[in-house]
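# A structural walkthrough
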Amino acid sequence: MTDLPTTTTRRLGLVIDLDTCVGCHACAVSCKEWNDGGAAGPLPDSNDAKPDGVWFNRVHSYEVEREGTFSTLNFPRSCLHCEDAACVTVCPTGASFKRAADGIVLVDEDKCIGCKLCSWACPYGAREYSESRGVMQKCTLCVDRIDNPSLAEADRVPACVASCPADARHFGDLSDPDSAVSKLVAEREGVDLMPELGYKPTNKYLPPRQVPPPSQSALPEATPDWLDQVFGR
Amino acid sequence: MSKLSKLERFADAPGDTMKTTTCYMCACRCGIRVWLKDGKVRYIQGNPDHPVNKGVICAKGSAGIKHLYSPARLTQPLRRVGPRGSGQFETITWEQALQQAEDWLRPIRERDPNKLAFFTGRDQSQALTGWWASQFGTHNYAAHGGFCSVNMAAGGIYSIGGSFWEFGEPDWEHSQLLMLFGVAEDHDSNPLKIGLARMKQRGAKVVSVNPVRTGYSAIADQWVPVRPGTDGLLILALLHELLRAGKIDLQFLSRYTNAIWLVIDDEDHPDHGLFARDSDGRPLCFDTATGAVASAMNVDVQGALKGRHALDDGTKVVPVMQLIVTRYLDPKYAPAAVADRVGLTAQAIEQLAADLAEVAFEQTIEIETEWVDWAGRKHDRFVGRPVSFHAMRGISAHANGFQTCRALHLLQMVLGAVDCPGGYRYKPPFPKPIPPHPKPGRSTGPNSPSSGPPLGFPQGPEDLLVDEDDQPLRIDKAFSWDYPLAAHGLMHLVIRNAWAGDPYPIDTLMMFMANMSWNSAMNTTETIDMLTDTDANGDYKIPHIIYTDAFASEMTEYADLVLPDTTYLERHDAISLLDRPIGDADGAGDSIRQPVVPPLGQSRPFQDVLLEIGSRLGLPGMVDEAGNAKYPGGYPDYIVNHERAPGIGTLAGWRGADGDKSGRGEVNPKQLSHYVDNGCFWYGELEENQRYFKMANRDYLNWAKEMGFIAAAEQIILQLYSEPLAKFVRAADGRGDHLAPASHRQRIKQYLDPLPDWTAPFGWDEESIEDYPLSAITQRPMHMYHSWGGHNTWLRQLTSRNVLYVHHQTAADLGLDDGAMAWIESINGRVKVRIQCMQGVSPNTVWTWNAIGKKKGAWRMSKDSPEANEGFLLNHLIGEMLPDKQWGNADPVTGQAAWYDLRVRLRPVGDDEQGAIK
């Protein structure tokens, strides 16, 4: 019902490193703070007895099993700015749209009627409905930061990327094979989330690295005279 | 109109004003930039120039905005009008509040200053508060270290003259193997996350020894699920393996430690167990070059590491290293002998030892920088063993924690991995001389200041704070025979002891930012009873309680006088080198806070209030000769103008009339503006040749002396064998001038071993292990660690209820389904909880998030909040005393609260016992 651009000049997105994400929620709260007072805000909070609210970015921790071995995985989840964004095509009013210049998916709240079709269409759970405002809200990749000339150049990245203490979040143009993020994805064999669904997400996840196996043998016995050595001070 | 409706460029700055300051959402002291819009905080970002956080900011830091504007803020002084705990207060003016405090405190100081117990919690101004206590003349002062991590601090300070966190850090750029012991979600927050990511990106290996696999343990390359309280035994088994294989850096030990020093090993000698010394007091060694005993301080000595020797008078002596070899090669430390107890296989322990040896001795790294050692000898490179360690509360918060921390430092030393490339590295002003200074001060009587700072480091029995009958002088019994090296005091026993009048009753308890009626109390329910208990006359057993906090915590309602503090965004502060500095291994640093917004309501910075109370009382150093306030400008006035010694003040940067001196220099009236201009911090970077082997690096030691960090530029010799501990054992052996009382001799001999040993936590006998087979521990989620922010609107959306995490198999064995309700029971009580099964927990351990459960109505949260209805505290199950009620549930060396010694059992909730969590 709403058209996607046939092509986008750039494909801006996030590369999230699951090898170093410690699940600290720094990205989530920094996102909440920036966007609550920014162009996409406010991000309302519900009442005291039911602590919840609108978050563009949430972090989950799972235990995963692979070949009988368990590990704990911290998994940040936000809009993946899909190339084939069903949340846009399903939108009856044109409120959801994808920018032709950089591929960022946004919601024009003036056109949003709060029908929630987009949140049903998104398989990643990336959209959050604001009960109090009656509109759908979502990650904007911090459009009010990334090309904002009043910010220092180093700050022109999404708030989640700027805050991350574990260097687990990277931002850039994934359509450019020479960009730092594209190289990182190539080097670390980054993956799409649920590629079988066909939405072609822009964001990529870097899998945890394989662990080198510990040594297999115990230490050999010392020679009897090992403690005879003498050293100066 | 939606701002996202068109493709316009966004050009708005985050605010109209930006001010730098220092975060205080936890204890890490990151640098922040605070953006203001129309006078309100709009956005807080990390300061990229700051040495602590290098631009990043954690969840707590970003949530600071909700801290400032929290509904729980206290905004007016309050005086209790109903019974304690009723929450009935009247609002009063500051003049009335200060007059009330003065009326209570003045007669105390005139009669017996120790009737004031002044204990601060998450206090980052201990250089001020400790000084205030000593000027008042009470030695009953401490901050929260006694129930946090005094074992970590003291164990390190007495062994290597430093410790982890503020004291030192792994060499993030060069370490190839990092072992974390008992590091939960923080300690320290951002630097650890930055460093772990850096190590993983370099392909270095991270091993986490921890019963729970969350947070840092989740990203570790290897998870070692040790049983809580047995880390010390694991470490000694690793040591056993390294000794068995001779994988020991004997050159490092000879150069930098007391390995060659001779210990008197002669039961008939009055100084048995102490170092053999010459007539000048210098320790001796056996010089293999001459075949005779010589001063171990001689530059050219070739000290023997092994053997048994004799002094000229026939006294039998033995090198420290020989004692170590003899002790730890005992088969009782073999991996197979300890495996069951620590919950690992012998093979796993052997592999860990082999990995440590492989990296330390086969992957040696070199940094080609010329440097000069303490004796003036030139070296053309720093040679390093790239294994490093970091440890925190998981090994600290046990009754055997002090010795476990000592054991870890012993392990670092035998690997030669202290302040070398790739190893653990000191952060200036550390290392400090060993044994450390100062000694704890004591009260000198009415209307007089104490003899010194209230907290310190005893070097032997002569430094204890006990009376002629060996009874404790301090209300918390710190520095007594009960807890001789209680370097941070025992805040966890203050309320109990004051209530019981043991060793004596007090008049006023003054506390700051410490939730001692709730999640910071052991035995929460009875602690509340103690706070509200009355004598035969109906008077409270603790007569007066003055409490200062920015928020209406659970503690507030038990106070008689409540003084509203500001948040960190509304005041000046100093993060001082005299207290807990912010530097890193490559430089020293300190920092300030500046107010970025005015105080909310009538709230006032606690430090200003403390100085005003001090000047009203006429405390020395707080009034001038005419009796007027010496620091009328409050805390910022004090920060700039107070000198601890000539030229040494609260802040090290921009000293001197022109602001061109660092460390030492005259008072500079413009000092704070220099700090503000530099992002509110000062950082003095070390030269390349000063950065390693600081304990024996001449250029570093000279600089440290110049800065005022150490008194003399002399080598700091690391202490494998601890003579201060040996002096206590000697006293317990009935030798020397200060004998231990008979009641304490066995305890002292068992726990103050001069070589670290592992002892089972109190009450871990076979019968109780059978009755209570599981260990129970807590941690705080990363987004709340060390924070005062459980009420924070955003952070509580992330965690507002807690469950008990149980291993799948353990739950199955007990017939408990995932999500079932269960009783968790200890010898002290029981709590009804919901369980959640997981794999990433040792099967012998259960755990939960701490400090999520809140008292109904506290923090001005709805009575329907999940925190009050679906949260619980394990504190109810933890005694502040051992069952005999004689000793605290604490480390017998330092008094550290033994939170994690808790043993429990689980029982399904019966059909007739359903209902809400209690």
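For the structure given in this document, a descriptive report is provided here. (Residues numbered from 1 in each chain as written. Chains lettered and ligands numbered in written order. Predicted model: local features only at pLDDT ≥ 70, side-chain atom pairs only at ≥ 80, totals over all residues.)

## Describing the pairing of strand β3 (residues 40–46) of chain B
Residue and element names in this part refer to chain B.
- Within β3, six of the seven residues are buried, leaving the element largely enclosed by the surrounding structure.
- Where strand β2 (residues 31–37) and β3 come together, six bridges link them in antiparallel fashion. Looking across to β3, one finds that W35 is bridged to Y43.
- Between β2 and β3, which pair antiparallel and follow one another directly, the connecting turn spans two residues, one of which, D38, has a positive phi of 50 degrees. (Buried ≥ 20, exposed ≤ 12 C-beta atoms within 10 Å, placed from the backbone. Helix = DSSP H or I, 4+ residues; strand = E, 2+ residues; numbered from the N terminus. Pairing = 2+ DSSP bridges.)

## Things to note about the sheet that holds strand β25 (residues 561–564) of chain B
Residues and elements named next belong to chain B.
- A sheet is described by the order of its strands in space; here seven strands give the open sequence β5-β4-β25-β24-β23-β6-β7, paired in mixed fashion. The two strands at the open ends of the sheet, each matched to only one other strand, are β5 (89–91) and β7 (141–142).
- Here strand β24 (residues 544–549) pairs with β25 via four bridges, running parallel. What sits directly across from I546, in β25, is L561.
- Contacts from helix α3 (residues 94–111) reach β4 (78–80), β6 (116–120), β23 (508–512), β24 and β25 within the one sheet, and its direction differs from that of β25 by about 125 degrees. (Contact = placed C-beta atoms within 7 Å. Axes fitted to C-alpha atoms, helices over the stretch in contact; angles between N-to-C directions.)

## Here we look at the interface of chain A and chain B
- Counting residues at the interface gives 68 residues for chain A, matched by 80 residues for chain B.
- Those elements giving two or more residues to the side of chain A that touches chain B turn out to be α1 (26–36), β2 (57–66), β3 (69–78), β5 (105–107), α4 (143–146) and α5 (159–163) of chain A.
- Counting residues per element, the side of chain A that touches chain B draws most heavily on α1 of chain A, which supplies seven residues.
- Looking at the side of chain A that touches chain B residue by residue, the class counts come to 33 nonpolar, 18 polar and 17 charged. (Nonpolar A, V, L, I, M, F, W, Y, C, P; charged D, E, K, R; others polar.)

## Here's the deal with the environment of T93 of chain B
- Take T93 of chain B: it is sitting in the loop between β5 and α3.
- When the C-alpha atoms of T93 of chain B and A776 of chain B are compared, they prove to be 46 Å apart, with 683 residues separating the residues in sequence.

## Things to note about the packing of helix α4 (residues 126–136) of chain B against helix α17 (residues 606–616) of chain B
Residues and elements named next belong to chain B.
- Packing of α4 against α17 leaves a shortest axis separation of 11 Å and a crossing angle of 15 degrees. As judged from the angle between their axes, α4 and α17 are roughly parallel. By crossing handedness, the relation of α4 to α17 is classed as left-handed. Here L128, T129, W132 and Q135 of α4 lie close against α17, whose contacting residues are Q607, L610 and G614. (Parallel < 35°, antiparallel > 145°, perpendicular 65-115°, else oblique. Left-handed = near helix turned anticlockwise from the far one by under 90°.)

## Some thoughts on the sheet that holds strand β1 (residues 17–22) of chain B
All names here are of chain B.
- Reading across from one edge, β1-β2-β3 is the order of the three strands in this open sheet, with antiparallel pairing throughout. Two strands in the sheet have a free side with no partner beyond their single neighbour: β1 and β3. Strand-to-strand twist of the sheet, defined as the mean angle between neighbouring strand axes without regard to direction, takes the value 30 degrees.

## Regarding the packing of helix α8 (residues 231–244) of chain B against helix α14 (residues 401–414) of chain B
Residue and element names in this part refer to chain B.
- α14 packs onto α8 with a crossing angle of 25 degrees between their chain directions and a minimal axis gap of 9 Å. In terms of their interaxial angle, α8 and α14 are classed as roughly parallel. Remark: the crossing between α8 and α14 carries left-handed chirality. Judged by residue contacts, D231, G232, I235, L236, L238, L239 and L242 of α8 engage Q403, T404, A407, L408, L410, L411 and V414 from α14.
- Tallied by class, the residues present in the contact of α8 with α14 amount to 10 nonpolar, three polar and one charged.

## Section: helix α21 (residues 723–732) of chain B
Residue and element names in this part refer to chain B.
- Among the 10 residues of α21, 10 are classified as buried, and the element is accordingly described as predominantly covered.
- Those residues of α21 not exposed but buried are E723, P724, L725, A726, K727, F728, V729, R730, A731 and A732.
- Of the surrounding secondary structure, the elements contacted by the buried residues of α21 are α5 (150–160) and α22 (742–751).
- With its phi angle positive at about 85 degrees, G734 sits one or two positions after the end of α21.

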